[in-house]
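Single-letter residue listing:
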Amino acid sequence: MSDPLAARMRAFGTTIFAEMSALAVRTGSINLGQGFPDTDGPAAMLERAVAAIGGGFNQYPPGPGVPELRQAVSEHHGDHYGLAYDPDGEVLVTVGATEAIAAAVLALCEPGDEVIAFEPYYDSYAASVALAGAVLRPVTLRPVEGRFTFDPAELRAAVGPRTRAILVNSPHNPTGTVFTRAELEEIALLCQEHDLIAVTDEVYEHLTFDGVEHIPLATLPGMRERTVMISSAGKTFSVTGWKTGWVCAPPELVRAVQTVKQFLTFTAAAPWQLAVAYGLRHELGWVLSLRADLQAKRDRLTAGLSAAGFDVYRPAGTYFVQTDIRPLGFADGLALTRELPSLAGVVAIPTQVFYARPERGSHFVRFAFCKQDAVIDEAVSRLTRLGKAEDGSG
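An account of the accompanying structure is given in this report. On a predicted model such as this, the values are computed, not experimentally measured, just so you know.

Conventions we followed
- Residues numbered from 1 in each chain as written.
- Predicted model: local features only at pLDDT ≥ 70, side-chain atom pairs only at ≥ 80, totals over all residues.
- Heavy atoms only, no water.
- Core = buried A, V, L, I, M, F, W, Y, C linked by side-chain atoms within 4.5 Å.
- Buried < 20%, exposed > 50% of the residue type's maximum accessible area, 1.4 Å probe, protein only.
- Helix = DSSP H or I, 4+ residues; strand = E, 2+ residues; numbered from the N terminus.
- Domains from an automatic or database assignment.
- Contact = heavy atoms within 4.5 Å.
- Axes fitted to C-alpha atoms, helices over the stretch in contact; angles between N-to-C directions.
- Parallel < 35°, antiparallel > 145°, perpendicular 65-115°, else oblique.
- Left-handed = near helix turned anticlockwise from the far one by under 90°.
- Nonpolar A, V, L, I, M, F, W, Y, C, P; charged D, E, K, R; others polar.
- Phe/Tyr/Trp six-rings, centres within 6.5 Å; stacked < 30°, edge-to-face > 60°.

Generally speaking, soluble globular proteins have nonpolar side chains that are buried together. Of all hydrophobic cores here, the largest spans 62 residues; its most connected members are Val228, Val247, Leu301, Phe367 and Leu383. In terms of residue count, the dominant contributor to this core is helix α4 (residues 96-108) (seven residues). A domain split of this core shows at least three residues from each of domain 1 (7-41 + 284-386) and domain 2 (59-282). Ignoring sequence-local partners within four residues, the contact set of Val247 consists of Glu90, Val91, Leu92, Thr94, Ala100, Val228, Met229, Ile230, Val254 and Val257.

The following block contains the structure:
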């Protein structure tokens, strides 16, 4: 039998996260690859989920999401960003942000439409665009003065007559960049000049460091009415397995996304929704502590990676540190990460898999710091073997 997989998806095999996590288990390596914490979220929020299960909230909740969570998301966006979203019609609960992104792209793009995304990008972006039969137009983020950013001229050059939407991820995975107001203004101006829809992935909205501010694109003049704003509970509350996300947008955009979403999963699990509603209303103090803790972990890992011989880009947000492997004598991140368990007993993610043109990122490797301090310290200790091997002292 010939390959039964639809041609548009043949470029997408097993995700790099599944491959590397399986490699970590198989080799007993420390997993600094996939971005999930190794500690739980706030205890009171977890107890709300248990109570919801015990209280009989185990059947289908409303398709748009339970009212408590939609109201809590609306309150959150008003309190934090001054954005008013009607919980009845402008907020939609999804099975994580990944489903929200896929449903948005499928709902808003016709075959042949073009979608701009900043590379390196979360791998589901390219898959979602392919599922829609659309065309991805990458704009490359490059290091400038220690942080990744884009060239406004390259962004403008990416727009064509079939451009329909732009995917904007800030805080940005995998580079750790948090777009500045000036950068967001460039994006906003482009959207308005060319009548583009912005789909914003803001799952790390609360996890920024050094006083850096996360600015939602929808808060800029003229952007609320053309932005599909997406976030989730997974990173904010350290419950990545709950897969509870949401879309905030004008009613016509929410209706479009929900039209697709209802045929993907119909609805999201009720107990997690009720618990997340509690978290948004009562546990943001816990999130502030988490942010401070993650900043310290970032500093711990970046210092260790620098000492081990990597060139390190200090992230302003997210769970991740981006490194350049060339000072250690390596040039192919995919090859290195597949060998890293045997070389050092550590698993990481090759950044090149997040590029439409992998050669642009072949020398970058991403490490996650959302782990316990002892895990980070042991990983750093093991990674020093790479430098010793390179200089012959190992």
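Resuming the write-up.
What follows deals with the packing of helix α3 (residues 67-81) against helix α9 (residues 270-282). Where α3 contacts α9, the two axes come as close as 8 Å, and the packing angle between them is 25 degrees. Relative to α9, the element α3 lies roughly parallel. Of the two possible hands of crossing, α3 and α9 adopt the one that is left-handed. Where α3 approaches α9, its residues Glu68, Leu69, Gln71, Ala72, Val73, Glu75 and His76 are matched on the opposing element by Gln273, Leu274, Val276, Ala277, Leu280 and Arg281. Grouping the constituent residues of the contact of α3 with α9 by class yields seven nonpolar, three polar and three charged.

Our focus in this paragraph is the packing of aromatic side chains. According to the stated counting rule, one finds 17 aromatic pairs in the structure shown. Note on Tyr60 and Phe266: the rings are 5.8 Å apart at their centroids and 90 degrees apart in plane angle, and the pair reads as edge-to-face. Here Phe266 lies in the loop between α8 (251-261) and α9 and Tyr60 lies in the loop between α2 (43-54) and α3, a separation of 206 residues in the sequence. The partly exposed category is assigned to Phe266, whose relative accessible area is 37%. Between the aromatic rings of Tyr313 and Phe364, the centroid separation amounts to 6.1 Å while the plane-to-plane angle is 75 degrees, which identifies the pairing as edge-to-face. Taken together, the positions of Tyr313 in strand β11 (residues 311-313) and Phe364 in strand β15 (residues 364-368) put the pair 51 residues apart, joining distant regions of the chain.

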